[in-house]
Amino acid sequence: DTRADREISHLQIYCTNKNEGCSWQGNLKDIDTHIKACSNQKVTCDKCDDVMQRHQLETHNNDECLQRDYKCPHCKAVGIYIVITTSHLEECLDLVLTCPNEGCENKIKRREMGSHQQKCPKEVIKC
């Protein structure tokens, strides 16, 4: 019956995310629209599959997701955050390192370290 359907669709309900902090209350007919935008709705990161509330997703995508796109601050290579900040840094040629010679405090890019060590005044010369 159409009248009954109309009455049901106008019943007042709370958001299904009320226990997660949502204060929305509205007509039953509007719940689907609300859920699609509810900031407390659980969502999944499309890069790492972590589950969080919608209002946390932007911060997660920009600052926390280990699978987010990331640019090496030294050489500007682009890759995945977890790779760039671990294995890539072990070989990044533009990473600035301190000369390993005792007493030499020079900061040199990895790509220039070999030539620096050849002329470093603190290099130990074996007899």
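This section reports on the structure supplied with the text.

Rules and cut-offs
- Residues numbered from 1 in each chain as written.
- Predicted model: local features only at pLDDT ≥ 70, side-chain atom pairs only at ≥ 80, totals over all residues.
- Heavy atoms only, no water.
- Phe/Tyr/Trp six-rings, centres within 6.5 Å; stacked < 30°, edge-to-face > 60°.
- Helix = DSSP H or I, 4+ residues; strand = E, 2+ residues; numbered from the N terminus.
- Buried < 20%, exposed > 50% of the residue type's maximum accessible area, 1.4 Å probe, protein only.
- Lys NZ or Arg CZ within 6 Å of the ring centre and 35° of its normal.
- Contact = heavy atoms within 4.5 Å.
- Salt bridge = Lys/Arg side-chain N within 4 Å of Asp/Glu carboxyl O.
- Disulfide = S-S within 2.5 Å.

**Details of the packing of aromatic side chains**
Moving on, step 1. Within the structure shown, the criterion is met by one aromatic pair.
Moving on, step 2. Considering the side-chain rings of tyrosine 70 and tyrosine 81, the 4.9 Å spacing of their centres and the 85 degrees angle between planes classify their relative orientation as edge-to-face. With tyrosine 70 in strand β5 (residues 69–71) and tyrosine 81 in helix α4 (residues 81–88), this pair connects stretches of sequence that are eleven residues apart.
Moving on, step 3. Residue classification places tyrosine 70 among the partly exposed residues on the basis of a relative accessible area of 27%.
Moving on, step 4. Look at tyrosine 81 and you get partly exposed, because its relative accessible area is 22%.
Moving on, step 5. One residue, lysine 18, lies across the ring of tyrosine 14, its end atom 4.0 Å from the ring centre.
Moving on, step 6. Positioned above the aromatic ring of tyrosine 81 is the side chain of arginine 68, whose terminal nitrogen or guanidinium carbon lies 3.9 Å from the ring centre.

**Observations regarding the environment of cysteine 45**
Moving on, step 1. Position of cysteine 45 relative to the elements: it lies in the loop between β3 (42–44) and β4 (51–53).
Moving on, step 2. Overall, the relative accessible area of 1% leaves cysteine 45 in the buried class.
Moving on, step 3. Sequence separation of cysteine 45 and threonine 85 is 40 residues, and the distance between their C-alpha atoms is 20 Å.
Moving on, step 4. In this view, cysteine 45 contacts Asp50, Met52, Leu57, His60, Asn61 and Cys65; residues no more than four positions away in its chain are not counted.

**Here's the deal with unusual backbone geometry**
Moving on, step 1. With phi around 70 degrees, aspartate 49 is a residue other than glycine that occupies positive phi space.
Moving on, step 2. Within the secondary structure layout, aspartate 49 lies in the loop between β3 and β4.
Moving on, step 3. You will see that lysine 76, though not glycine, has its phi angle at about 70 degrees, which is positive.
Moving on, step 4. Tracing the chain through its elements places lysine 76 in the loop between β5 and β6 (78–80).

**Here we look at the environment of threonine 86**
Moving on, step 1. Along the chain, threonine 86 turns up in helix α4.
Moving on, step 2. In this structure, the C-alpha to C-alpha distance between threonine 86 and cysteine 22, residues 64 residues apart in sequence, is 39 Å.

**Quick look at the pattern of salt bridges**
Moving on, step 1. Here the structure, examined in full by the defined rule, presents four salt bridges.
Moving on, step 2. A salt bridge links lysine 29 to aspartate 30; its shortest N-O distance comes to 3.2 Å.
Moving on, step 3. One salt bridge in this structure joins aspartate 69 and lysine 47, with 3.7 Å as the shortest N-O distance. Of this pair, aspartate 69 sits in strand β5 while lysine 47 is found in the loop between β3 and β4, placing the two residues 22 residues apart along the sequence.
Moving on, step 4. Classification of aspartate 69 as exposed rests on a relative accessible area of 56%.

**As for the state of the cysteines**
Moving on, step 1. In total, this model carries zero disulfides according to the counting rule given.
Moving on, step 2. Free of any disulfide, cysteine 38 has its nearest cysteine sulfur in cysteine 22, 3.7 Å distant.
Moving on, step 3. The class of cysteine 38 is buried, set by a relative accessible area of 2%.
Moving on, step 4. This cysteine, cysteine 120, is not joined by any disulfide, and cysteine 104 carries the nearest cysteine sulfur, 3.7 Å off.

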